[in-house]
Amino acid sequence: MRKKILILDDKAPIAQLLNMYLSEEFECIYFDNPRKGIQWLIGGGAPDLIISDIKMPEMRGDEFLSYIRHNELFKSIPIIILTRECRQSERLRLLAEGADDFIVKPFNPLDLKSRIKKILH
């Protein structure tokens, strides 16, 4: 059975790119904001890994990260932050708050795939 990846990004082209590179090996589920992702999780969705942007409408990715890390049901799900935000202080803060990896856009999809495999295996 293929592992599931939840993708949260308000830019559909990013989700399409991720789906193109990851869908051969992983089942990709996409939402354009974290609140929809939370609803999916509460409804029984069970991803093996989450990829989240930071700057999104309704709820920021760092708020989503905090929600996941403080929720007993979801806190063990690995999270990769994929964002244009490239300040070292932001990267260190998010890693300290529980992100498993931090990748700056633009990114190499093959590098991302390699990091996903490393986290999941």
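All figures in this text were calculated on a predicted structure; none of them were measured in a lab.

On to helix H3 (residues 61-69). Those residues of H3 that sit buried are Gly-61, Asp-62, Phe-64, Leu-65, Ile-68 and Arg-69. Down the axis of H3, the sector holding all buried residues measures 155 degrees, keeping them to one side. Buried residues in H3 make contact with strand S1 (3-8), helix H2 (34-42), strand S3 (49-52), strand S4 (79-83) and helix H4 (88-96).

What the rule picks out here adds up to 16 salt bridges. Between Asp-62 and Arg-60 there is a salt bridge; the shortest N-O distance is 3.1 Å. Residue class for Asp-62 comes out buried when judged on its relative accessible area of 12%. The shortest N-O distance in the salt bridge between Glu-90 and Arg-87 comes to 3.6 Å. We classify Glu-90 as buried; its relative accessible area is 7%. Classification of Arg-87 as partly exposed rests on a relative accessible area of 48%. Here the residues in one salt-bridge network are Arg-60, Asp-62, Arg-87, Glu-90, Arg-93 and Glu-97, joined through shared partners.

Moving on: the sheet that holds S1. A sheet is described by the order of its strands in space; here five strands give the open sequence S2-S1-S3-S4-S5, paired in parallel fashion. Strands with a single pairing partner mark the edges of an open sheet, and in this sheet they are strand S2 (26-31) and strand S5 (101-104). Looking at each pair of strands side by side, their axes are set apart by 20 degrees on average, direction ignored. Note: S1 against S3, four bridges, orientation parallel.

One way to put it is that H2 packs onto H3 with a least axis distance of 10 Å and a crossing angle of 20 degrees. Classed by the angle they form, the pair H2 and H3 counts as roughly parallel. The way H2 lies across H3 gives a crossing that is right-handed. Where H2 approaches H3, its residues Pro-34, Ile-38, Leu-41 and Ile-42 are matched on the opposing element by Phe-64, Tyr-67 and Ile-68. Taken together, the residues of the contact of H2 with H3 sort by class into seven nonpolar, no polar and no charged.

Definitions and cut-offs
Each chain has its residues counted from 1, running along the sequence as written. Only residues with pLDDT of at least 70 are given local features in this predicted model, and only at 80 or more are side-chain atom pairs given and counted; all residues enter the totals for whole chains, interfaces and linings. Excluding hydrogens and water, the side-chain values take into account all heavy atoms of the structure. When accessible area is computed with a 1.4 Å probe and restricted to protein chains, residues below 20% of their type maximum are described as buried, those above 50% as exposed, and intermediate ones as partly exposed. Strands here mean DSSP runs of E at least two residues long; helices mean DSSP runs of H or I at least four residues long; both are numbered from the N terminus. Directions pointing from the helix axis toward each C-beta atom define the arc. We call two residues in contact when some of their heavy atoms are within 4.5 Å. Whenever Lys or Arg places a side-chain nitrogen within 4 Å of a carboxyl oxygen from Asp or Glu, that contact is recorded as a salt bridge. DSSP bridges decide pairing: two strands pair if at least two such bridges lie between them. As a rule, the C-alpha atoms of each element are fitted with a line to give its axis, helices using only the stretch in contact, and angles between N-to-C directions run from 0 to 180 degrees. Each angle gets one of four labels, with under 35 degrees taken as roughly parallel, over 145 as roughly antiparallel, 65 to 115 as roughly perpendicular, and the rest as oblique. With the far helix as reference, a near helix turned anticlockwise by less than a right angle produces a left-handed crossing, and one turned clockwise produces a right-handed crossing. In this count, Pro and Cys sit with the nonpolar residues alongside Ala, Val, Leu, Ile, Met, Phe, Trp and Tyr, while Asp, Glu, Lys and Arg are called charged and the others, Gly among them, polar.

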